[in-house]
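# Remarks on the overall topology
Single-letter residue listing:
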Amino acid sequence: MTSLPRRQTLTRLGAGAAGLLLPAAPLLAQTTVTTPSLDVPYVPTPQEVVERMLQMAKVGKNDVLFDLGCGDGRIVVTAAKSHGARGTGIDLDSERIGEARKNAQQAGVADKVSFKVADLFETDVSAASVVTLYLLPNVNTRLRPQLWKQLKVGSRVVSHAFDMGPEWPPEKTESVEGRTIYYWTIKQAHKKAAKA
Ligand SMILES: C[S@@+](CC[C@H](N)C(=O)[O-])C[C@H]1O[C@@H](n2cnc3c(N)ncnc32)[C@H](O)[C@@H]1O
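Just so we're clear, the structure is a prediction, and the values are computed from it rather than from any experiment. All chains use their own residue numbering, which begins from 1 and follows the written sequence. This being a predicted model, a pLDDT of at least 70 is required before a residue's local features are given, and a value of 80 or more before pairs of side-chain atoms are given or counted; all residues contribute to the totals for chains, interfaces and linings.

Moving on, we come to the site of the ligand. To decide nearness, the C-beta atom of each residue is placed from the backbone, and the residue is near a molecule or strand if that atom lies within 6 Å of it. Around the ligand lies a shell of 23 residues, among which Asp-39, Thr-45, Gly-69, Gly-71 and Tyr-134 are the nearest. Listing elements by their share of the shell around the ligand, those giving two or more residues are helix H2 (74-83) and strand E4 (86-91). Throughout, the ten residues Ala, Val, Leu, Ile, Met, Phe, Trp, Tyr, Cys and Pro are labelled nonpolar, Asp, Glu, Lys and Arg are labelled charged, and all others, Gly among them, are labelled polar. The residue inventory of the shell around the ligand, partitioned by class, reads 12 nonpolar, four polar and seven charged. Strands here are runs of E lasting at least two residues and helices are runs of H or I lasting at least four, both read from the DSSP assignment and numbered beginning at the N terminus.

Structure representation (structure tokens):
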């Protein structure tokens, strides 16, 4: 599968463009704005679905949950507030990470969670006991080898709406609010396959 460019650069003329009727080119200031090229657009998971995802994974106080593409942080914040877990949210969009930090503060769980602007494909998830996803089918498929390689045996993976393709069938599925939730656990066989 062809990988998408990680970042897209917009080059635009700055305030000096007011002088563009003049031949004095040096007056034109050029600024470069870098915006992240997202693999998945932002669509939040409804709170009822968040609760069910966390119940399905039996998230508790000993868990470390990573939400890859965390949006406004609702899954990480709920895991900390309602289940006592620690958590990390990763998102390429700094605006989302700002919202997530604010939401964690408001929920009183800022000491249990952290949020980072980063690419999920460049994130080490080995510290996670639970990984949550709401991405897209092709993004899940690209992520699978990383999960098999980095997660410990017994770690749980829960995905809202999308499965992992034929190479990793889910162990359980549930429906809530017309949405499907998929559940997997990491087995020794996955670790072996990741090494091969
Ligand atoms: C469908 S939203 C899910 C948000 C949240 N997990 C939830 O369920 O409410 C997907 C999120 O992934 C983020 N995203 C897209 N591509 C990414 C990438 N390569 N690395 C990290 N985050 C990414 C988007 O900015 C967006 O916030």
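On we go.
As a further point, take the nonpolar core. By size, the foremost hydrophobic cluster in this structure holds 40 residues, and its most contacted members are Met-53, Leu-65, Val-76, Ala-79 and Val-131. Looking at this core element by element, the count peaks at five residues for H2. Note on definitions: a nonpolar core is a set of buried residues drawn from Ala, Val, Leu, Ile, Met, Phe, Trp, Tyr and Cys, linked by C-beta atoms within 7 Å. Once C-beta atoms are placed from the backbone, each residue is buried if 20 or more other C-beta atoms lie within 10 Å of its own, exposed if 12 or fewer, and partly exposed for counts between those two.

Right, let's talk about the environment of Ala-100 for a bit. With respect to the helices, strands and loops of the structure, Ala-100 is situated in helix H3 (residues 94-107). Judged by the 26 C-beta atoms lying within 10 Å of it, Ala-100 is buried. Sequence separation between Ala-100 and Cys-70 is 30 residues, and the spatial gap between their C-alpha atoms is 8.0 Å. Excluding anything up to four places from it in sequence, Ala-100 contacts Cys-70, Asp-72, Gly-73, Gly-89 and Phe-115. Contacts are defined on C-beta atoms placed from the backbone: any two residues whose C-beta positions lie within 7 Å are in contact.

Moving on to unusual backbone geometry. Trans is the prevailing form of peptide bonds, just as negative phi is the prevailing case for residues other than glycine. In the Ramachandran plot, Lys-58 falls in the positive-phi region, its phi being about 50° despite a non-glycine side chain. On the secondary structure map, Lys-58 appears in the loop between helix H1 (47-56) and strand E3 (64-68). Taking the number of C-beta atoms within 10 Å as the measure of exposure, Lys-58 has 11 and is therefore exposed.

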